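# Structure at a glance
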Amino acid sequence: MSSADDNKVTLTIDGREVTVPRGMTVLEAAKSIGIEIPTFCWHPKLKPVGACRMCYVEIEKMPKLAVSCATEAMPGMVVHTDSDLVKQGRRAVLEFILLNHPLDCPTCDKGGECDLQDLTFAHGIDDSQFDFNKYRFIRDKKSTFDDYRLGPEIIRNQNRCILCYKCVRSNKEVFGEYDLGAFQRGNITEIDTGPGQQVDSIYSGNLVEICPVGALTNTDWRYNIRVWKTQKVNSICQYCADGCNLTLWKDRQKIYRATSRRNDAIDEGWICNRGRYGYQIANAEGRLTVPLIKRGERQENATWDEAIELIARRFKEIKDKKGGVCIGGLAYPGLDSASLYAFSKLFRTILNSNNVDFRIDYKMLPEEPGDLYTQITSRKFSIAGIENSDVVLVIGSNLINEHPITNLRVRKVVTQKGAKLYTLNPFATKSGDISTDEIIYRAGTVEALINGLCVSIVEQKLASDTVDASKLATRVEPNTVAQAAKISGVEADRIVGLAQALGEAKHITLITGELLSTSITRDAITAAIMNLALLCGMAENGQIGFLSKYANSKGAEKLGVMPLLSDSLIAEMKTLWGGYPEQKGLGADRMILSAKKEEIDALFVMGSDPMLCYPDGQFVREGIEKLDFLVVADLFETRTTQMADVVLPLSSIAEMSGDFVNLEGTVQHFDQAIKPLGQSMPGYDICNKIASALKEPLFESVARMQPDIMRLLLREENPEIQRELREVKTSVEQASGEYTVPLFVVDQAHHFAHLTERSKSLSAFCSEAHLELSPSMAEKLHAETGTLIRVESEVGKVILPVIISEHIDNDVAVVTRNFSANPVNDLQMRKQRVDYVRLTRVEEK
Amino acid sequence: MILNETSVAEIKEKMVRYPRRKSAILPALTVAYHQVGHLNDDIYDEIASIIDIPAVEIAEAATFYTMFPKHPVGKYLIQVCHNISCALLGADSLVHYLEEKLGIKKGETTPDNVFTLITVECLGSCASAPMMQINDQYYEFLTREKVDAILDELRKQA
Amino acid sequence: MEKKVLFTYIDDPAQVKVETYVGHGGYTAWQKALKQMKPADVIDEVKKSGLRGRGGAGFPAGLKWSFVPKDSPKPRYLICNADESEPGTCKDRVLMEHDPHGVIEGMAIASYAIGSHLCFIYIRGEFGGPIRCMEQAVKEAYAKGYLGKNVFGTGYDLDMIVHTGGGAYICGEETALLNSLEGERGMSRIRPPFPAIEGLYACPTVVNNVETLASVPHIINNGAEWYTSMGTEKSAGTKIFSLSGHVNKPGNYELELGTPLSYLINDLGGGIKDGLKLKAVIPGGSSTPFLLPDQLDTKLDYESIAAAGSMLGSGGVIVLHEKTCIVWVIERLIHFYRHESCGKCTPCREGTGWLEQLISRIERGEGKPGDLEKIESICDNILGRTVCPLGDAAVMPIQSALKLFRDEWQYHIDNKRCLVKSEFAFA
Ligand SMILES: Cc1cc2nc3c(=O)[nH]c(=O)nc-3n(C[C@H](O)[C@H](O)[C@H](O)COP(=O)(O)O)c2cc1C
Ligand code: SF4
Ligand code: FES
């Protein structure tokens, strides 16, 4: 027998021969030939526990019924999945489960999609021999239900629970969350939160989805609609670049919920709460439904014709007077590809301007084309590929918040496959729970730390021989481990230890996140990281992921929604459009600066809220105030729409079909769920209307434009990695004067950018900005959870309530930015590498 | 803090012996139970921070095991075995006798908080039936005279 | 016949002291194993001795040890199962309380045989006395160098932890015990993987009963042949029987396997209490089927009891006299099994609850026609269908009681009262 055959087994199931990989269970083997075996406690992504006993099969020569979910397929097995004995066994299990299960299907929100209900029907059980009163768990002694709230959105009804333990198992095994447990034992076992806890992690909604019965339901779906009245629509999540696949459940013009549409390459069937509840923005109150035009001090309702006519007229005036260079465009990278493409095309072919950008929250963007960061980020990355690694290195990312589902893959490779995780961050994050070493560097010193790692790898003679490591010492500064340790505040032996782990690793996944991408030294950091990658041989054995943030950041990049494009991309545009503006374009930061200097007169903002998101609120305000003409398209009134001359109602993602490119570079299509709300329009239609009014349409139909878009999206630049070590000399910026606490402005776990505050369910988790502090920092300020703290920087001031973080343990101020009531970007300085703040308690009167 | 220094030290000492910290949950619960006489959420939280295991896991384990009362009990927890071997030799009448003597029903605590009376499953003392356990002391081959003497003695100590 | 091997010094209160134990020849077997035998020799000797597990299932001990992979890079663990919670069983406690070093020595030898350097004794938490005894004895054994680093200068290290439970019968079941020892809820695990391959902390692990392990030093000292000279061909050696219930002299008695049940009950136990007639005997702990008075000459060995329709189990012999209501007995037992079901698998969790409800209503005189058939069908749906044998343990006595005493059950339902009322006063 060849060794290939050793890895396969052949068995017979219901008279059919099937060959499957060794190690597969009988259940999966049956599945592979289309034989469905009923289950309750089995889940494809969880370890089998064999608890419910629903999946019985009869295996010849075995004395008892076997649970197929936990029985390995063996050569020569003869399995029967449908014998009388099997049927009898399953019926008995169902009867047992139903003993104390309420007969409340008509009012149970799982009705119509309940595994128990379905299997009960399938097995023709209509009558129980049980003639006792059903056992009842009642939390609230006043009601006969057990409607007990486990967290902001989950309601438990213990009486319906069949104790499959999938909720508790997935919560711990997959999500690494420890807020839910099984208590007591035997037939009074109860699923509940841990002592004094609530279930409120960003993965909590999955617990409802995984529950096979109506024991766990969520507040958005409860009592609102029956599942059979809804239709399913394929969608993609818009709240980060992971690109989880969703199903939207709608009836007529309303969406009722979102669930996972399992894609093993990306999400493995899990979604975070942003994906699950973010759909609510489509039907949320306060949507803009008609265009508004500013007349005097007030924005008044207008028709589309009026609005477009005004925009066209003003753009034309400005263009004719000073040229297209005086018009700029900022587009939200969470828009669909067609809208982003149309936006860029509008600027470049009609307005003759290269002033377009999607990087709405990056500090001080590069002004030359081909910056290293952009080059490197265009490399391919694979979420599933993380599973091949024996070492995962996360630098500058609060991964669980930025990429909740990629985070699960990292968790999986670490907790299930034994890989080592190292996290390098300016403050501790939840990933520290499972990291071999969680390294906290002094804010603004990551390049020095990475240089130190490089030096140590070389010193330990662990450098890959594909690179000339001898040059390192002259190219980097600091160039000793001791100096790097001193600057970064990380002990030298930890640097050496990590360097050793990296040097010895067989396959590394390196992930960087927002804390790097939005830094003004992102190019230097990138260079340092590329040195590290070269020295560890990551290009050959590993993958480097500079993870992009927004649902379509990657698409925006590929479609060229940036001022400065590579020559090859410009050539591509020229062939598509027959022309391309000569003038060098300005990035977001420059546009605002130029507006301030009155060099830019008009701005078209599509879908983003720079007044809330762009670092340095004061700076943005001053720029925007100087504009002659501001057009903003968005779903809701925002700080930016308030300042606009024309406000255009934008359709949500649910109201159109389109595609996003996730952080891996995978193009994913989503379908339209409902009609555009009111008079709102997708971004591409808005751009097309403006183009038509100015000169000529951008496209006849979106479908016609699609091939051009796909051509750009599928283009692979994947630039060769330069084999030379790069120069990385770092200087250290010190905190000055009274402002000494490093500030980090980040997204709240349950929120994303400026949109999710409109989701009711997500707001139930958190609805205002906070200041997150380490316990020791809080103590210094005599602050407890909820204490109001004045956060002041050189340029701004906000007052925020405190949250004491479970993770953070150094003196930093982490502030969340998703709430229009709290423009925390006011605290940031666009030119400063690290923002520093001063914290003082607001004394109650 | 509910757990005193001795208990904390004892838990820490036990914890390090195991290849994995989590194994120290039952020993820690036992230490806490011996000190406090019962367990509750606050104790789970304290143990969680001592052995660095999420509190939910402590609580899940603790509620699985029935030996630890989850509510305050009297100074003396009288546990009468009512399983088969003891029952054959009069465990039920022993319970009644105790109920009468203490003036409480099974499951209750005397108003002076000295005695709590409960029934439990087999305590592994079948050949010395009937028997009861008071705190962690076994009393076997019980007769009325013995029970009287035991209760008198404990009352004196209370 | 009564034969004291494990019980040789059981009446000597000083036996708990290491000095006395050593004076009685203790720890010589440990020394012999470590210095003169290879682990494989130890396993061989135990295999040849025919020693079978005394925890209930009667699995050959040497064979179990030989399942531990020889080439696994993982640590291995030995666990002594001292959870002793099966109603009617109270023998391990006696060993721990009166001869703790015998248990330690057995654990040490078994650890060496499987290559374990860390072993555990899992004692039920209620056993305050035995726990203190074992802790003290372990301390003494360390002090004397029988445990710890470099035992007897052989370079072999062995650590031993006394671990205590929290009141859960299920934790006597070996996989539940492993979970419990890992700090999890004491729920049973599916097999495979078997503990010998993936047990504690997913490492190869052997779980043996106290009495099994305590027998090992005697076998190493005296040889397999000596051991097989006692007992029967397939049930070698001696075994402790816990005699309880309606007998005049309850207690723990060590017998050669193959001794007739009547000898235990009548000769050692002094016959039935109050001069009454025997009704039935549960021979192997509460989960084994009943034997009837006409089966009194059944020999107490694994095969003979099995042939008589029951099981030797843990050796907990519970005697019921004629004034015992069988429904009342079963109600006690099913209450126990319902209370102790871990709640993992459906048939056991739900089935035991349903059975308890049905049986107690019959006992209360509220039984309905058809209840017996219902009970039988529930039992059928539990037997052999659960994750661990607790389900079987719960239903076997019920099935047996229904088969042997059906009339009495029927009487209960028809007349709404007991045929014989169990009213047992304590003295
Ligand atoms: C529900 C249940 C309870 C058990 N309780 C005990 C026990 O208390 N002590 C024991 O030694 N074995 C007990 N066993 C048997 C163990 O699972 C295991 O077979 C035994 O400890 C192996 O040791 P041995 O081979 O030396 O008998 C129990 C089994 C079951 C199914
Ligand atoms: S709540 Fe649902 S998922 Fe959790 S154990 Fe019960 S039935 Fe299973
Ligand atoms: S699916 Fe196999 S036991 Fe539950």
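Residues numbered from 1 in each chain as written. Chains lettered and ligands numbered in written order. Predicted model: local features only at pLDDT ≥ 70, side-chain atom pairs only at ≥ 80, totals over all residues. Heavy atoms only, no water.

## Details of the overall build of chain C
Applicable threshold: A run of H or I in DSSP counts as a helix once it spans at least four residues, and a run of E counts as a strand once it spans at least two, with each numbered from the N terminus. Taken over C-alpha atoms, the radius of gyration is set against a globule rule of 2.2 Å times the number of residues to the power 0.38. Working definition: with a 1.4 Å probe on protein chains only, accessible area under 20% of the residue-type maximum means buried, over 50% means exposed, and in between means partly exposed. In this analysis, two residues are considered to be in contact whenever any of their non-hydrogen atoms come within 4.5 Å of each other. Using the Shrake-Rupley algorithm and a 1.4 Å probe, accessible areas are obtained, with residue cover drawn only from the displayed protein chains.
A count of helices and strands for chain C gives 17 helices and eleven strands. In terms of C-alpha radius of gyration, chain C reaches 22 Å, essentially the compact-globule figure of 22 Å for 427 residues. Expressed as lengths along the three principal axes of its C-alpha atoms, the size of chain C is roughly 75 × 45 × 40 Å. The buried share of chain C, taken over its 427 residues, is 66%. Summarising the internal contacts of chain C: among those between residues at least 6 apart in sequence, 70% fall at separations of at least 24. Entry remark: accessible area of chain C is about 13800 Å², with carbon and sulfur atoms responsible for 52%.

## Some thoughts on the interface of chain B and chain C
Our working rule: Buried area is calculated as the accessible area (1.4 Å probe) missing from two parts once they are joined, with the contributions of both summed. By definition, a salt bridge exists where a carboxyl oxygen of Asp or Glu is found within 4 Å of a side-chain nitrogen of Lys or Arg. Two N or O atoms count as a polar contact when they lie within 3.5 Å, although within protein this holds only if one can serve as hydrogen donor and the other as acceptor, and sequence-adjacent residues are included solely when both atoms are side-chain atoms. Only Asp, Glu, Lys and Arg are considered charged in this grouping, and only Ala, Val, Leu, Ile, Met, Phe, Trp, Tyr, Cys and Pro are considered nonpolar; every other residue, Gly among them, is considered polar.
Listed by partner, the interface residues are 50 residues for chain B and 61 residues for chain C. Looking at the side of chain B facing chain C, the largest losses of area belong to B:Phe64, B:Ile84 and B:Leu88, adding up to 16% of the total buried there. Where chain B touches chain C, the interface holds four salt bridges. B:Lys22 is the salt-bridge partner of C:Glu184, the closest N and O atoms lying 2.6 Å from each other. Summed over the shared surface of chain B and chain C, the number is 26 residue pairs in polar contact (both at pLDDT 80 or more). Counting only elements with at least two residues in the side of chain B that touches chain C, the list comes to helix H2 (25-36), helix H4 (55-64), helix H5 (84-88), helix H6 (91-102), strand S4 (137-139) and helix H7 (144-157) of chain B. Split by residue class, the side of chain B that touches chain C holds 25 nonpolar, 15 polar and ten charged.

## Side note on the packing of helix H15 (residues 481-488) of chain A against helix H16 (residues 492-504) of chain A
Any two packed helices are characterised by how steeply their axes cross, that is the angle between the axes, and by the distance between the axes. Residues and elements named next belong to chain A. Test applied: For helices, the axis comes from a line fit to the C-alpha atoms of the stretch in contact; other axes are also lines fit to C-alpha atoms, and the angle between any two N-to-C directions lies between 0 and 180 degrees. Note: crossing handedness is left-handed where the near helix turns anticlockwise from the far helix by less than a right angle, and right-handed where it turns clockwise.
Running from amino to carboxyl end, H15 crosses H16 at an angle of 115°, the nearest separation of the two axes being 9 Å. Between H15 and H16 lies a crossing whose hand is right-handed. Two secondary-structure elements touch here, H15 through Val 481, Ala 484, Ala 485 and Ser 488 and H16 through Ala 492, Ile 495 and Val 496. Looking at the contact of H15 with H16 residue by residue, the class counts come to six nonpolar, one polar and no charged.

## A short note on the site of ligand 2
How we decide: Distances are taken per atom, and a residue is near a molecule or strand as soon as one of its heavy atoms is within 4 Å of it.
Around ligand 2 sit A:Cys161, A:Ile162, A:Leu163, A:Cys164, A:Tyr165, A:Cys167, A:Ile191, A:Cys211, A:Pro212, A:Val213, A:Ala215 and A:Leu216, and that is every residue in its neighbourhood. Each residue belonging to the shell around ligand 2 can be placed in one class, and the counts come to twelve nonpolar, no polar and no charged.

## Digging into the domain arrangement of chain C
Bring the parts together and some accessible area is lost; that lost area is often taken as the interface size. Residues and elements named next belong to chain C. Spelled out, the test is: By convention here, the domain bounds are inherited from an automatic or database domain assignment.
When its domains are assigned, chain C resolves into domain 1 (13-228), domain 2 (238-321) and domain 3 (326-415). Using only C-alpha atoms to locate each centre, domain 1 and domain 3 end up separated by 35 Å. With 13 residues of domain 1 at the contact, the number on the domain 3 side is ten residues. Summing both partners gives a buried area of about 950 Å² for domain 1 against domain 3, and 69% of it is carried by carbon and sulfur. When the buried surface of domain 1 facing domain 3 is broken down by residue, Tyr 169, Ile 170 and Ser 188 rank first, second and third, together holding 49% of it. Linking domain 1 with domain 3 are zero salt bridges. Applying the counting rule to domain 1 against domain 3 returns two residue pairs in polar contact (both at pLDDT 80 or more).

## What about the packing of aromatic side chains?
Test applied: Only rings of Phe, Tyr and Trp enter the pairing, Trp through its six-membered ring, and a pair is recorded when the two centres are within 6.5 Å. The plane angle decides the type: under 30 degrees is stacked, over 60 is edge-to-face, the rest tilted. Whether a charge sits over a ring comes down to the Lys NZ or Arg CZ being within 6 Å of the ring centre and within 35 degrees of the ring normal.
Counted according to the given criterion, the structure contains 40 aromatic pairs over all chains. Every member of this aromatic cluster is reached through a ring pair, and the members are C:Tyr21, C:Tyr27, C:Trp30, C:Tyr112, C:Tyr146, C:Phe152 and C:Tyr156. Sitting over the ring of A:Tyr56, C:Arg385 keeps its end group 5.9 Å from the ring centre.

## Concerning the environment of A:Ser652
Residue and element names in this part refer to chain A. Examined against the element boundaries, Ser 652 turns out to sit in the loop between strand S26 (646-649) and strand S27 (658-661). By relative accessible area, Ser 652 is classed as buried at 3%. In this structure the C-alpha to C-alpha distance between Ser 652 and Glu 447, which are 205 residues apart in sequence, comes to 40 Å. Setting aside residues up to four positions removed in sequence, Ser 652 forms contacts with Ala 282, Arg 287 and Leu 635. For Ser 652, the side chain forms a polar contact with the side chain of Glu 655, separated by 2.8 Å.

## Comments concerning the interface of chain C and chain A
Contacts between the two partners involve 33 residues from chain C, matched on the other side by 35 residues from chain A. Both faces combined, the contact of chain C with chain A buries some 2800 Å², and carbon together with sulfur accounts for 51% of it. When residues of chain C are sorted by the area they lose upon contact with chain A, C:Arg349, C:Trp354 and C:Arg385 head the list and together hold 24% of the total. There are four salt bridges connecting chain C and chain A. Taken together, chain C and chain A are joined by 20 residue pairs in polar contact (both at pLDDT 80 or more). For the side of chain C that touches chain A, the secondary structure elements donating two or more residues are helix H13 (326-340), helix H14 (346-363) and helix H15 (371-382) of chain C. It is H14(C) that provides the largest number of residues to the side of chain C that touches chain A, a total of ten residues. Of the residues belonging to the side of chain C that touches chain A, the class tally is eleven nonpolar, twelve polar and ten charged.

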